[in-house]
2 protein chains.
Amino acid sequence: MRLFILLVLLAFQAFPQSEDEKQIKAFYETVLTQGDSYRWLNYLSNQIGGRLSGSVQAEQAVAYTRSQLDSLGLDRVWLQPVMVPKWVRGTPEFAYIESQPGVTNNVPVCALGGSVATPQGGLKAQVVEVMGIEELKKLPREQVEGKIVFYNRPMDPTLINTFQSYSGCVDQRYSGAAEAVSMGAVGVIVRSMTLRNDDYPHTGAMSYGDLPVNQRIPAAAISTNAADLLSTTLKLDPNIKFYFRQNCRQLDDVQSYNVIGEIRGTTYPEEIMTVGGHLDSWDLGDGSHDDGAGCVQSMEVLNLFKKTGYRPKRTIRVVLFMNEENGLRGGRKYAEEARKRGENHVFALESDAGGFTPRGFSFDCTDANYQQVLSWKPLFEPYLIHSFVRGGSGADIGPLKDGQMVLAGLRPDTQRYFDHHHAENDTFEHVNKRELELGAATMASLVFLMDKYGIVKPPKIKG
Amino acid sequence: MRLFILLVLLAFQAFPQSEDEKQIKAFYETVLTQGDSYRWLNYLSNQIGGRLSGSVQAEQAVAYTRSQLDSLGLDRVWLQPVMVPKWVRGTPEFAYIESQPGVTNNVPVCALGGSVATPQGGLKAQVVEVMGIEELKKLPREQVEGKIVFYNRPMDPTLINTFQSYSGCVDQRYSGAAEAVSMGAVGVIVRSMTLRNDDYPHTGAMSYGDLPVNQRIPAAAISTNAADLLSTTLKLDPNIKFYFRQNCRQLDDVQSYNVIGEIRGTTYPEEIMTVGGHLDSWDLGDGSHDDGAGCVQSMEVLNLFKKTGYRPKRTIRVVLFMNEENGLRGGRKYAEEARKRGENHVFALESDAGGFTPRGFSFDCTDANYQQVLSWKPLFEPYLIHSFVRGGSGADIGPLKDGQMVLAGLRPDTQRYFDHHHAENDTFEHVNKRELELGAATMASLVFLMDKYGIVKPPKIKG
């Protein structure tokens, strides 16, 4: 692409006319010229790094984001205590495919979050490959007993929204071990949840359900290339063995915090609008996309209100939730405290789908409120925000849901998200400054409109 | 982002109903599961590399893409000879800021494409910083004479479409040297055309206009960080000097080729629909986004017609244009030959804005045709293609324009394009496979609809 050929071709940006258009333009221009989110993310990612719940890094992130919120001139900044689980990975995992005794191929592997360790010397067994839990359940028990179950159903590449592809196979990671135990398996290996063919293993939460500790079996993810290799090797010889070793542990719960800051509303201070992301992350990368991006974008929303000098009528609160990844304790705690205090949350917005170019929002709300937000859509079009869909909002704000309030999730472009998700390459250099900032301004614009026009409340019915 | 929280939230994809929906779905599913574009791009980028017109690499790219087109079972594949300019960079450029005699800071620099060399020992002179050509022209000649002109107007970060920001400052790079000569300057330094603050110098075409060879002065780009450093240093002491050395040369024109392949139409073979990108690139990176991506997407369009078994009524032609970057000889030659042969081009589509997530198209056509393409927009919505704007199409297909045919340009997301454009970091690892493939399927879908429904022709007026 060359020269100014495009000069004549581009639809020029219209000058903003209405007050709404002016304020939204101010958010976008301010974030793109004076935004702080990218600097904050740089610190979270490169000075602190991966922030697994209960880790030193998670506590450093609490202290850092609190200090940054303190510097914004908000009306109040505080920490909300919450007890969180502490799972530790231990020394790096190790795995290989043994195609015949003494002939091995090492493969990239990582323990799933919450998994138990292997025996100290590792675990070696024959492998039974299945394309999912349903297929496993149909096998005769003797084909599974004493073996490692290898869940190898890939994400569906034909779906345009990659979160749908993820949803379509994450049950293997989350529940695969518990199911395998019931069939007598000794371990579980899962194909990494990514659409790329590469050498990164992707971790993520798993659960043993109600299984007693002494019945739990170790579970790990291998990279997609390794999964393909293992599958091919099994086709050549179903009797080959797989070895892996991990010494992860679940420790006692520890004290941690949600980090909260607010600008108090001028007219309806009791009506609270919450915007947030989760401060914890997995430990393999530095958690830039998941969800450092959502945290700094949420902080930026309040920053933009301050920098553009707009005083909200309602209270705007930023919440950096702790422990989304392996417990959701922060989100639950926040909702529990809100109910205990009788707080009136009218709106909550979460950003937890990566710091990519924003495309729109999903809304979890009444028909009347959805119609209202649709009426605002033209205001977003100059910023190429085009997708206002109904659907879920986010894991952390979910517990606030009460049937009346509006919940929303920022929806960025999804194509690259799972390339990085829960893996070693979820790192700062994969976040583009402008994409991150555009997301923050898009969030601020929605919060502004919610503040200005309020939510549509259902008619009161006398009890 | 965790677990299956999103499962319930996502609007599920509707099953395709109409023939049009089915064919478009087939394009997207085929490209995402059996696409060849990423593999082709890998070869072009990593086995061949930067493909400046007249270079060995450009000729290797001609041979490689021809051989790949030969393998697709098209009706005809051929090379169209075109003479192209051959400019060579020579040994790596070198530059420094001399804040006082003997105290120097080296800065990243590259010659602009088409520039003359500095004297053999380099060029050292005082610097006059301007924010553009207009500002330069207003200066008294004695303030410029004997100095290096430093054009430092940055791209405007507040524009959402980064191509607009680029258009707003590329005159400095393209025409800055010719203007500086008229004021008696001895050299030109331009701030790199990117919105990032980094250490990559970005090259690109420049022109001396009608200036005789012996009056030309050398022109180079420095990185944005270097431009900021130079500007700050000048504020501290306007008498500091800048040194740069480059030994680039313009050689005689050489023979090259446009690479062309076609599927002949079954019903209206004389109506030609052309889809293309440019095969040449700048020499600093490997030209993956600019415009390896557009080439392999255009090849993929024909590949998708073959793989889905759809036989077009009109002739579909892929054209890989040579020399877009520094001459446009390929685009001009193609149009010239088309006119000479009396070919009837009804539609042309270009991809030359990077291999990023596709967002839509711009159309250069009659009102009636624009209304027709707008009527197809709902067919693209499941693929998040939402922007059908009027505007220019592309440099290479521009010369075909005749007032009746429809010209269109693929419009991907623009946020990251200028991070890489014409710089050392325009490389393969910055192209996402899915984003590239989605662009190809989006192009194939538009070509399919144009083929099926034809363009709206103006009523014939008797002469």
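Residues numbered from 1 in each chain as written. Chains lettered and ligands numbered in written order. Predicted model: local features only at pLDDT ≥ 70, side-chain atom pairs only at ≥ 80, totals over all residues. Heavy atoms only, no water.

**Description of the layout of surface pockets**
Working step 1: Computed from the structure, the second largest pocket encloses a volume of approximately 1,500 Å³.
Working step 2: Forming the boundary of the second largest pocket are 50 residues, of which Arg 416 and His 430 of chain A together with Arg 416, Glu 429 and His 430 of chain B lie nearest the centre.
Working step 3: Of all elements in the fold, only helix 1 (19-34), helix 11 (417-420) and helix 12 (433-453) of chain A together with helix 1 (19-34), helix 11 (417-420) and helix 12 (433-453) of chain B reach the threshold of two or more residues within the lining of the second largest pocket.
Working step 4: Partitioned by chemical class, the residues of the lining of the second largest pocket number 17 nonpolar, 16 polar and 17 charged. (1 Å grid on protein atoms, 1.4 Å probe; cavity = no way out; pocket = protein on both sides within 12 Å on 5 of 7 lines; lining within 4 Å. Points joined across faces, edges and corners; volume = space filled by probe spheres on them. Helix = DSSP H or I, 4+ residues; strand = E, 2+ residues; numbered from the N terminus. Nonpolar A, V, L, I, M, F, W, Y, C, P; charged D, E, K, R; others polar.)

**What about the relation of the copies chain A and chain B?**
Working step 1: Least-squares fitting of chain A to chain B yields an RMSD of 0.0 Å, with the transformation described by 0.0 Å of translation along the axis and a rotation of 180 degrees. Taken together, the rotation angle and the small translation identify this as a two-fold axis. Among all residues of chain A, the one whose C-alpha sits closest to the rotation axis is His 386 of chain A, at a distance of 3.6 Å.
Working step 2: When the interface residues of chain A are mapped onto chain B, 100% of them again lie at the interface, so the same face is used by both copies. (Least-squares fit on C-alpha atoms with pLDDT ≥ 70 in both. Contact = heavy atoms within 4.5 Å.)

**Observations regarding the interface of chain A and chain B**
Working step 1: Between chain A and chain B, the contact holds 63 residues from the first and 63 residues from the second.
Working step 2: Counting each side, the surface lost to burial between chain A and chain B is near 5,500 Å², with a carbon and sulfur contribution of 60%.
Working step 3: If you look at where chain A meets chain B, you find 2 salt bridges.
Working step 4: The shortest N-O distance in the salt bridge between Glu 435 of chain A and Arg 416 of chain B comes to 2.9 Å.
Working step 5: Applying the counting rule to chain A against chain B returns 14 residue pairs in polar contact (both at pLDDT 80 or more). (Buried area = accessible area lost by both parts, 1.4 Å probe. Salt bridge = Lys/Arg side-chain N within 4 Å of Asp/Glu carboxyl O. Polar contact = N/O pair within 3.5 Å; in protein donor to acceptor, adjacent residues only side chain to side chain.)

**Regarding the packing of helix 8 (residues 288-307) of chain B against helix 12 of chain B**
Axis angle and axis distance: for two packed helices, these are the angle between their axes and the distance between the axes, and together they describe the pair.
All names here are of chain B.
Working step 1: Packing of helix 8 against helix 12 brings their axes to within 8 Å, and their N-to-C directions diverge by 55 degrees. In terms of orientation, helix 8 lies oblique with respect to helix 12. Crossing hand, helix 8 versus helix 12: right-handed. Contacts from Ala 293, Val 296, Gln 297, Ser 298, Glu 300, Val 301, Leu 304 and Phe 305 of helix 8 reach helix 12 at Glu 435, Leu 436, Gly 439, Ala 440, Ala 441, Met 443, Ala 444, Val 447 and Phe 448.
Working step 2: When the residues that make up the contact of helix 8 with helix 12 are grouped by side-chain class, the tally is 12 nonpolar, 3 polar and 2 charged. (Axes fitted to C-alpha atoms, helices over the stretch in contact; angles between N-to-C directions. Parallel < 35°, antiparallel > 145°, perpendicular 65-115°, else oblique. Left-handed = near helix turned anticlockwise from the far one by under 90°.)

**Structural notes on the UniProt feature "domain: Peptidase M28" (unreviewed entry) in chain A**
Working step 1: When the UniProt feature table is mapped onto this chain numbering, "domain: Peptidase M28" (unreviewed entry) sits at residues 258-445 of chain A.
Working step 2: Between the C-alpha atoms that bound residues 258-445 of chain A the distance is 24 Å, and the span itself is 34% helix and 27% strand. (UniProt positions renumbered as here; feature names shortened; annotations may be inferred.)

**A look at the pairing of strand 2 (residues 94-100) of chain A**
Residue and element names in this part refer to chain A.
Working step 1: By the bridge criterion, 5 bridges tie strand 2 to strand 9 (residues 241-245) in an arrangement that is antiparallel. Paired with Phe 94 across the strands is Arg 245, a residue of strand 9.
Working step 2: Here 4 bridges tie strand 2 to strand 3 (residues 103-106), and the two strands are oriented antiparallel to one another. For Glu 98, the partnering residue across the bridge sits in strand 3 and is Thr 104.
Working step 3: Joining the antiparallel neighbours strand 2 and strand 3 is a turn of 2 residues, in which Gly 102 adopts a positive phi near 90 degrees. (Pairing = 2+ DSSP bridges.)

**Thoughts on the domain arrangement of chain A**
One widely used convention gives an interface's size as the accessible area the parts lose upon coming together.
Residue and element names in this part refer to chain A.
Working step 1: Looking at chain A, the domain boundaries give domain 1 (19-87 + 252-453) and domain 2 (90-247).
Working step 2: The distance between the C-alpha centroids of domain 1 and domain 2 comes to 33 Å.
Working step 3: Between domain 1 and domain 2, the buried area comes to about 1,600 Å², and carbon and sulfur atoms account for 64% of it.
Working step 4: Of all residues in domain 1, Trp 87, Thr 414 and Phe 418 bury the most surface against domain 2, accounting for 39% of the area lost on that side.
Working step 5: Here domain 1 and domain 2 share 0 salt bridges between them.
Working step 6: If you look at where domain 1 meets domain 2, you find 6 residue pairs in polar contact (both at pLDDT 80 or more).
Working step 7: Among the elements that make up the side of domain 1 that touches domain 2, the one with the highest residue count is helix 11 (4 residues).
Working step 8: Classifying every residue of the side of domain 1 that touches domain 2 gives 7 nonpolar, 6 polar and 3 charged. (Domains from an automatic or database assignment.)

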